[in-house]
Structure formats: structure tokens, C-alpha cells
Amino acid sequence: MPTRFIHMVIDAADPAGLARFWSEALEWPITYEDPEEVVVEPPPEAVDQVGQLPLVFVPVPEAKKTKNRLHLDLASTSDEHQAALVARLESRGASFLDIGQGDVSWVVMADPEGNEFCVVSHKGQVGKDPQSAFAGIGPVAAVVFDCTDPFALAPFWAQATGWPVLGQDDEGVWLRNTDGGGPYLDLHQVTEPKSAKNRVHIDVAPFPDEDHDTAVEQLKALGATPIDIGQGESRWVVLADPEGNEFCVLTPR
């Protein structure tokens, strides 16, 4: 595999403020903060959360205009826990959101900058055994990635993240690193095309003993294309997946 999933990056008007919301939402500490980057990640003592992905908040001047193509699903362990979590998030600035979901078991919300997320039922929503799909996973149960053709895109992201494909249904494909308590990557089919730069994106990186340039070339051979989003001179390389979704290839780590 050329690379592995490192963290999620979220564009923000106020990275520090948004990081505080998500720090409280996930009960994770802020581990790094400067004007260009704020990091929220699981505490090292949370051994049951090995595999959970840090969140990195970065400043951007552009306002959010469209529904994000990547969002987080937060886990719950019971109906009571789901209700309590929703109430706690609302008290910290989240709002309820109607994106046409209808009568579903999960609650759709938006963080203080309008980024969509879901609080899912303990019964889950991935796979053929929804009762146990998210058992032992949390606080993030899944990273949901809207795609026009998840079935064609799945082999690319399996290689880019190093996560195997575990299954699929008529709505999409799901991948996961089963070595820890990390989330699913749920490639979910949608009809609307990508229309703007994603405000949430994935960062991947080669392993420490791998070569950065070689990893980038391997991803390009799988269908990635170089893209300029104004990054200028940087240590990382910005690419787009076969559907045009931006992601970064960090240096080996």
C-alpha cells in the first residue's frame, strides 16, 4: 500500500473556536494550537480509541456554501445516550438540520460553522447487521464520504488509506482498519456532483521507511491527479481522487 489514513482536516473561519466545540463534543483534548493549525485528538490513555483519527482545523477565508461531501457520524451506545449526546451538543452550539433525511434513526446536526454531522443510533447504519455495526467503535463511528460512484472509487481509497473493503450494499461501500477501535470510511452514493472545494478532506502519508515521491506517483497511477488549491511551497502534495475530491499526501511518518 502506498499510504495510510492519518487525519481529517476541516476548513474553518475560526479554527480555535471550532476546535473547542469538537474537543467538547468528542471529549478529546486540544493537543496543538497556533494561528495556522489546531489539533484535536484522542487522549493517549484512551486505549479503547486506538485507531480514532485526529481532527485538524485550518483557517480559510471562504465561507461554507454547499453541503459537505465528508462528514462525521458520532456513535451512541443506547437510545438514552443518543438523546443525551444530542442535547449536550445542542447546548454547546450545534443545531438541528434537515437535509431531506426523513424519518431515520440518526439525528442530523450542524456544528457552529454549519458543518453537517450525524449522531447515529446504537443500532448503526452500516452493513447488513446494523445492531452490531458500530459496537465498540467511538466516539466517531464513521467518516461518511459522498460519492457519485462509490463502487468504482472504493479500490482507490482502499489503497490510499490502507483500509480493506469490508462490504457493500446498494447505497455504497464501507472500509475499515479492523486493528483498533477506529471508524468506518463509508463511501456513500449520492446523485449531486461535486461543485466546490471540499471543506473537509483526508490526509494520508507513507510509512516512515517509504519514499514520499514514490508514494505520490503510486497514487497518481491509481487515478489521482495533481491539483493547485493555492498551497504554494509546501512539504505535502495536494492531489484529487478520481472524482475530484482533494486530499493531501504528507511526508512519511
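Throughout what follows, the structure given in this document is the object of discussion.

Conventions adopted
Residues numbered from 1 in each chain as written. Predicted model: local features only at pLDDT ≥ 70, side-chain atom pairs only at ≥ 80, totals over all residues. Heavy atoms only, no water. Salt bridge = Lys/Arg side-chain N within 4 Å of Asp/Glu carboxyl O. Helix = DSSP H or I, 4+ residues; strand = E, 2+ residues; numbered from the N terminus. Buried < 20%, exposed > 50% of the residue type's maximum accessible area, 1.4 Å probe, protein only. Pairing = 2+ DSSP bridges. Contact = heavy atoms within 4.5 Å. Axes fitted to C-alpha atoms, helices over the stretch in contact; angles between N-to-C directions.

Enumeration over the complete set of coordinates arrives at six salt bridges. Here Glu-24 makes a salt bridge to Arg-92, at a shortest N to O gap of 3.2 Å. Of the two residues, Glu-24 is situated in helix α1 (residues 15–26) and Arg-92 in the loop between α2 (79–91) and β6 (95–96); the sequence distance between them amounts to 68 residues. With a relative accessible area of 40%, Glu-24 lands in the partly exposed category. Among the salt bridges present, the one from Glu-246 reaches Lys-194, with a minimum N-O distance of 2.9 Å.

This paragraph deals with the sheet that holds β6. Read from one edge to the other, the open sheet built from eight strands follows the order β6-β7-β8-β5-β9-β12-β11-β10, with strand pairing classed as mixed. The sheet is open, and its two edges are formed by β6 and β10 (165–169), each paired on a single side. Two strands pair when backbone bridges link them, and strand β7 (residues 107–110) and strand β8 (residues 116–119) are joined in this way by four bridges, in the antiparallel orientation. Note that in β8 the partner of Ala-110 across the bridge is Glu-116.

Topologically, Gly-93 is positioned in the loop between α2 and β6. Between the alpha carbons of Gly-93 and Glu-36 there is a distance of 23 Å; along the sequence they are 57 residues apart. Discounting residues that sit within four places of it in the chain, Gly-93 has contacts with Phe-21, Ala-110, Asp-111 and Pro-112.

On to the pairing of strand β1 (residues 4–12), then. Buried residues dominate β1, accounting for eight of its nine residues. Note that β1 and strand β4 (residues 55–59) share five bridges and pair parallel. Paired with Ile-10 across the strands is Phe-57, a residue of β4.

Moving on, we come to the sheet that holds strand β15 (residues 237–240). Strand order in this open sheet of eight strands is β2-β3-β4-β1-β13-β16-β15-β14, and the pairing throughout is mixed. Each edge of the sheet is formed by a strand with only one pairing partner; in this case those strands are β2 (30–34) and β14 (225–226). Direction of pairing for β15 relative to strand β16 (residues 246–249): antiparallel, over a ladder of four bridges. Within β16, the residue paired with Val-237 across the bridge is Val-249. Together, β1, β13 (200–205) and β16 form the strand contacts of helix α3 (residues 150–161), whose direction differs from that of β1 by roughly 105 degrees. Across the sheet, helix α4 (residues 212–221) is in contact with β13, β14, β15 and β16; its angle to β15 comes to roughly 10 degrees.

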